[in-house]
Each structure stands twice: as structure tokens, then as C-alpha cells.
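# Notes for the structure review
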There are 2 protein chains.
Amino acid sequence: MELWYTENHSKEAKFSIKVEKQLYSGKSDFQRIDVFESNEFGKFFTLDGLVMITEKDEFIYHDMIVHVPMATNPAIKKVLVIGAGDGGTVRELVRYESIEKIDMVEIDQLVVDVCREYFPHSTSGLDDERVNLYFEDGLKFVSEKVNEYDLIIVDSTDPIGPGEGLFTRVFYENCHKALTDKGILVNQHESPFYEEYQKAMQRAHQRIHEFFPVAKVYQVHIPTYASGHWLFGFASKSFDPVKDLDADRWNALGLETGYYNTEIHKACFALPNYVKKLLSEAVSK
Amino acid sequence: MELWYTENHSKEAKFSIKVEKQLYSGKSDFQRIDVFESNEFGKFFTLDGLVMITEKDEFIYHDMIVHVPMATNPAIKKVLVIGAGDGGTVRELVRYESIEKIDMVEIDQLVVDVCREYFPHSTSGLDDERVNLYFEDGLKFVSEKVNEYDLIIVDSTDPIGPGEGLFTRVFYENCHKALTDKGILVNQHESPFYEEYQKAMQRAHQRIHEFFPVAKVYQVHIPTYASGHWLFGFASKSFDPVKDLDADRWNALGLETGYYNTEIHKACFALPNYVKKLLSEAVSK
């Protein structure tokens, strides 16, 4: 027999992975969670039928969501991570000795429990003593914080289901308030290629742009996400991610990474014309 | 009914496009050619079951295979294009008034004939008076040239079937000989992600590196190619594509492009660590 996992990247384009077996299937109060074993990608898990991480390429996402802000401001001490139930973002953060505290707020405890069982590498940082795990609504959590974090990372699902609130104006406004005056907000920012993702990208950029004087977007090659062309948002109250990068300082840390390097850091903010156009249309609406 | 085109990106990962109808199917002496109509990508055509171009994203490939070398050396006058039967590469080249002559060598006339019928935008440059079309084996054609071209673009299929010879040592050696002392060779360089493509990328880089003092690789987001993470090779006898770029000079030409810009030009040569590692392994073999 053959077993294939299929994900619709748009209504009329889909991506399929041959599966050796399904390792887990469950349903939380928030979403459906499945874990699969494959030859091509190793283990991978999905939320409501969308790939979250695969063992083969999760390093790309987690490198780029963490090291870009950390290299921009190495003085970051207090970090809030929203979502990120697979643990990969925290795994990369705890490599920085300079970080004093990481609050991680994941709405769905089952995601963390399942990932602890099936993705021990990904979740290996969650027991670091600087990490505080909260199983709460990130939207509410951040609304109660003022001038507290140097960095907020929004490592969410797409803006449907439980991730929806993390793409709203009020959420970005609350993030701005929760950040210190040197604060940085990084979020997964969808994709520019397929129409539905493109719209989500434009909405996110438009809203972030309202609250942050610096609101940039950077791009990454993530083969298992729709179109493989994925974006992150970098917003801040003062730091410019390219001008303020001190490459020598980051390189002196000696962190080994599979995707990120300081050349990629500068390069990923250069965007294709069609993406620049979509972003400028979004803020002129 | 539903009709889906499916392409295997690896043995255990595949990509599918919903098709409205098949517009053409034929077989030349070299390969099978199919043309499809889709909502998501517009018209697209395949050779031996691999997507060559789609109306939606072909601009990305053609921008990046042409404008990177042309912006590096605006004095390019004589160009040899090998493969490129869809015409898109020549369409971008003929926008440069400074180019005096373009020899295009496509082994399979049927590809050009079919593309002229179904992709008039893509083939719109082929009747430019500076263009000479040869339906011959590019490998043989280039072997008979010495010190003749300022730029050779290898816009080939993958190294199986008719494209195989265009990935050999003798071919790259002949390209070197056919180029002037300021000559540039750009080739489609496969992908770093899936194993078979990765091997082809490493072989190509290893062989090009033997003959050219400058042998770099640059990356592009092409959603309809395997993994979406595609590479081009930039080899030359003297020019460095980043150091020798005069961005103001290219921008003064006023060419409108959907993907390429001079920031992307510099940025696309910054590669992820895992890709850099694969490339350095290839040349140390």
C-alpha cells in the first residue's frame, strides 16, 4: 500500500508527502493534531491539516525566527514567545547565555505534550530553567504586560483557527505596549505567492506598520510551506535589522547554524519587486 | 470531474496542479511535450513530465537568469543562449539595446514551435533581428566556438534526457573556450534540497569550478520548481557579480522587472550554511 499526506497550498495546488505511518492523531479544544513518519522529511506534525514542522527542514524556520532579532540586538534579556508549541524557537533562544528569561505562551498544551513525545530535539530547550511555560491565550497574556520584553516572537499558525487573534490590530498594539523602548517584534508573516497567504501577509504588514516605526519583512526558503517562499516580519521601536547588525559580534558567539549566517541576515531583507509592491500597496490602503 | 497534473519532486514528495484542460501533447525526437491550462498558474508546459514554465511564475526564472549577468557587465554585446526553447530568456535579453547579437541554440525545434503557439508573451523576443535561432545540439555548437561570446546562458532541463550533456566537464570546458576573456557563464544550477537535485547541483559546481576562477552560486524563490529553492551558477573569467555590480548604472536603464532588482542581485549570492557546505564539499572532492 501507499499512504500519502496531502496539503492544499491553494485551492488548486497541493503538496503531498509519502507517509510510512501515522504516529499520532488527536483533537484538543483548539485543533486537530497529527504526527506522521516519512522517509523524505523524517517525522512531521500537522495542525488542522497544515504542516507545522518536519525534522528535515524545521532548522530553517527556527534559525530565521530567532537569530535575526538576536543578532540585531545582543542585549536582549527578556523574551516573550507566543505559540511555538513545537519548542524549536525556544531551543534556539536558550543557546544565548545572555538571555535571562523566556516566557512562552502556547494556547494548546496538547501540542507541547505531543511534541515532547515525538520531537525530543525540537523540544529540548523547554526545560531550561529560564523558560516559563504558560498554557494560555497569547492575546490576553500580552495585553496585561507593559514595557516588559526586549523581544516578542510570534510563532503562530496561519490566521485561521486559534492563530487568528495573533494577526489583529489590537494584538500588535498590545505587543508594542509590552515591549521596552528598544523592543523588537518578530512574527511569522505568511507567504507572498498564493492569494490567500498573500492577503494575510498584506493585512499583517498593514497592521504592524501602524504601530512600529520600523516594520520590515524578510524572506526565507522553507520547502515544506506553501510555495516554499516564506516571510517573517521584523518590527521595532528603534533597531534597524540591517544597519544595526554587528556581524563580528554575533560570529564571535560561535553558534553553529544550518541556515542562518550574518550574510543571509543582511540579504534576507532584500525583497523581489513583486513582494515590495504588495507590501507598499498594503500600507497605502 | 477533476484533472490534476502531478510532478514528483522527489520519490516521496510531489506537487500537483489542478488543470482545466490539456491544450497539447506531443512527442519530439528528444522528449514528450505537454501544455496545460490551469487557474492557479495560467498556462504551463512540461517536458517529460517536469514543469518548465508557468505563466504565473516564469518571470522569476527569466529575470534572474538574465539580469544578474547583464547588470554585472553592461558591456556584454554577444550572447549565446543554450536551451531556452520557451523564449523567456531571449525576451529579457532583447530589452538591452546594448546587445548586438544573440545566438540561441535549442536542440528541439518542437519546443519552440509549441511555445510560439501557446506562450506568445514568453516567445515575443525570438523575432528580434539580433536573434539567430539554431536547432542544433548546444554541446556541439559551443565546441566549435573560440573567444566569441561575452555571455553564455545555459537554460537547460535537468541533467537527464536531452539536457544531460549540458552538465558535463567537456561542455563547461568548451564554454570557457568560447567565452572572451571577460566572459560570463550563467546556468540553471538545480536545487539544494532534495537528494537527486542536490547531487546534480554538486556535480555542476564541481565541474564549473575546475575551469573558471570565479564560480559562484545564487538562489531564487521559484515556487513551481522542486522545493521552491532554486539555484543559478555564475562563473566568469574576471567579473565578480557582487563587487563589480554598478547598481546605479543598471537602475538608470529603467527596465521594469517583477522579481529582479539590484538589492536582490547582491543578496541572492548570500547562501544558507547548509548550501555553502554542500558546495564546498563538492569542490573538495
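Residues numbered from 1 in each chain as written. Chains lettered and ligands numbered in written order. Predicted model: local features only at pLDDT ≥ 70, side-chain atom pairs only at ≥ 80, totals over all residues. Heavy atoms only, no water.

### Description of the overall build of chain A
Defined as follows: Secondary structure elements are defined from DSSP: runs of H or I of at least 4 residues count as helices, runs of E of at least 2 residues count as strands, and each element is numbered from the N terminus. In this description the radius of gyration comes from C-alpha coordinates, and the expected globular size is given by 2.2 Å times residues to the power 0.38. A 1.4 Å probe rolled over the protein chains alone gives each residue an accessible area, and that area as a share of the maximum for its type sets the label: buried under 20%, exposed over 50%, partly exposed in between.
In terms of regular secondary structure, chain A is built from 9 helices and 13 strands. Taken over the C-alpha trace, chain A has a radius of gyration of 18 Å; the compact-globule value for 285 residues is 19 Å, and the two agree within 12%. Seen along its three principal axes, the alpha-carbon backbone of chain A occupies a region of about 55 × 45 × 35 Å. The proportion of buried residues among the 285 residues of chain A is 63%.

### Let's talk about the pattern of salt bridges
All names here are of chain A. The condition is simple: By convention in these notes, a salt bridge is any Lys or Arg side-chain nitrogen within 4 Å of a carboxyl oxygen on Asp or Glu.
Across all of its chains, the model carries 34 salt bridges over all chains by this definition. E263 is the salt-bridge partner of K266, the closest N and O atoms lying 3.3 Å from each other. Of this pair, K266 and E263 both sit in helix α8 (residues 262–267), separated by 3 residues, roughly a single helical turn. The partly exposed category is assigned to K266, whose relative accessible area is 35%.

### Things to note about the relation of the copies chain A and chain B
For clarity, the threshold we go by: Superposition of the copies used a least-squares fit over C-alpha atoms from residues whose pLDDT is at least 70 in both. Here a residue-residue contact requires only that any non-hydrogen atoms of the pair lie within 4.5 Å.
Expressed as a screw operation, the relation of chain A to chain B combines 0.0 Å of axial shift with a rotation of 180°, fitting to an RMSD of 0.0 Å. What we have between these two chains is a two-fold relation. Looking at chain A, 100% of its interface residues are interface residues in chain B too, so the copies touch through the same face.

### A look at the pairing of strand β9 (residues 131–134) of chain A
Residue and element names in this part refer to chain A. To be explicit about the condition: If DSSP finds at least two bridges between two strands, the strands pair. Here the term right-handed applies to a crossover when the path leading from its first strand over the helix to its second strand runs clockwise, the strands being oriented away from the viewer.
Across 4 bridges, the pairing between strand β8 (residues 101–105) and β9 is parallel. From the neighbouring strand, I102 faces β9, where its bridge partner is V131. For the crossover that starts at β8, traverses helix α3 (residues 109–118) and ends in the parallel β9, the hand is right-handed.

### Observations regarding unusual backbone geometry
Even without being a glycine, A:S227 presents a positive backbone phi close to 75°. Positionally, A:S227 belongs in the loop between β12 (214–221) and β13 (229–236). Look at B:N147: it is not a glycine, yet its phi comes out positive at around 55°. Looking at the secondary structure, you find B:N147 in the loop between α4 (138–143) and β10 (149–155).

### A few points about the interface of chain A and chain B
Which entries qualify depends on this criterion: Here the quantity called buried area is the accessible surface, traced with a 1.4 Å probe, that two parts lose on coming together, added over both. A 3.5 Å cut-off defines polar contacts: any pair of N or O atoms within that distance qualifies, except that in protein one atom must be a possible hydrogen donor and the other a possible acceptor, and neighbouring residues in sequence count only when both atoms are side-chain atoms. Polarity classes work like this: nonpolar for Ala, Val, Leu, Ile, Met, Phe, Trp, Tyr, Cys and Pro, charged for Asp, Glu, Lys and Arg, and polar for all others, with Gly in that last group.
With 41 residues of chain A at the interface, the matching set in chain B holds 41 residues. Buried surface at the junction of chain A and chain B, both sides included, amounts to about 3,400 Å², of which 59% is carbon and sulfur. The largest per-residue losses of area from chain A upon contact with chain B belong to A:E12, A:F193 and A:H221, which jointly make up 22% of the total buried on that side. Our count for the contact surface shared by chain A and chain B stands at 0 salt bridges. Inspection of the chain A/chain B interface yields 27 residue pairs in polar contact (both at pLDDT 80 or more). Among the secondary structure elements, those contributing two or more residues to the side of chain A that touches chain B are β1 (3–10), β2 (13–19), α1 (58–72), β12, α8 and α9 (273–283) of chain A. Along the lines of polarity and charge, the residues of the side of chain A that touches chain B split into 19 nonpolar, 12 polar and 10 charged. With 5 bridges joining them, β2(A) and strand β2 (residues 13–19) of chain B adopt antiparallel strand pairing. Bridging from a neighbouring strand, A:S16 pairs with B:K14 of β2(B).

### Points about the domain arrangement of chain A
All names here are of chain A. This is how the line gets drawn: Domains are outlined according to an automatic or database domain assignment.
Looking at chain A, the domain boundaries give domain 1 (3–54) and domain 2 (58–283). Averaged C-alpha coordinates put domain 1 and domain 2 at centres separated by 23 Å. The interface of domain 1 with domain 2 comprises 23 residues on the first partner and 21 residues on the second. Both sides together, the interface formed by domain 1 and domain 2 hides about 2,100 Å², and carbon and sulfur atoms give 70% of it. Three residues stand out in domain 1 for area buried against domain 2, namely H9, F30 and I53, and they jointly supply 28% of the buried area on that side. The interface formed by domain 1 and domain 2 holds 0 salt bridges in total. The interface formed by domain 1 and domain 2 contains 6 residue pairs in polar contact (both at pLDDT 80 or more).

### Regarding the UniProt feature "binding site: spermidine" (unreviewed entry) in chain A
All names here are of chain A. Here is the rule: UniProt positions are given in the numbering used here, feature names are shortened, and annotations may be inferred rather than shown by experiment.
Here the UniProt feature "binding site: spermidine" (unreviewed entry) sits at H62, D86, D155, S156, T157 and D158. With respect to the helices and strands, the residue H62 is situated in helix α1. Taking relative accessible area as the criterion, H62 reaches 0% and is therefore assigned buried. With sequence-adjacent residues up to four places away left out, H62 is seen in contact with I53, D86, G88, T89, R91, E92 and D155.

### With respect to the side chain of B:S236
All names here are of chain B. Position of S236 relative to the elements: it lies in strand β13 (residues 229–236). Looking at S236, the relative accessible area reads 0%, which means it is buried. At 3.2 Å, the side chain of S236 forms a polar contact with the backbone nitrogen of S238. Engagement of the side chain of S236 in a polar contact is seen with the backbone oxygen of F239, the distance being 2.7 Å. Setting aside its immediate chain neighbours within four residues, S236 contacts G183, I184, F212, P213 and V214.

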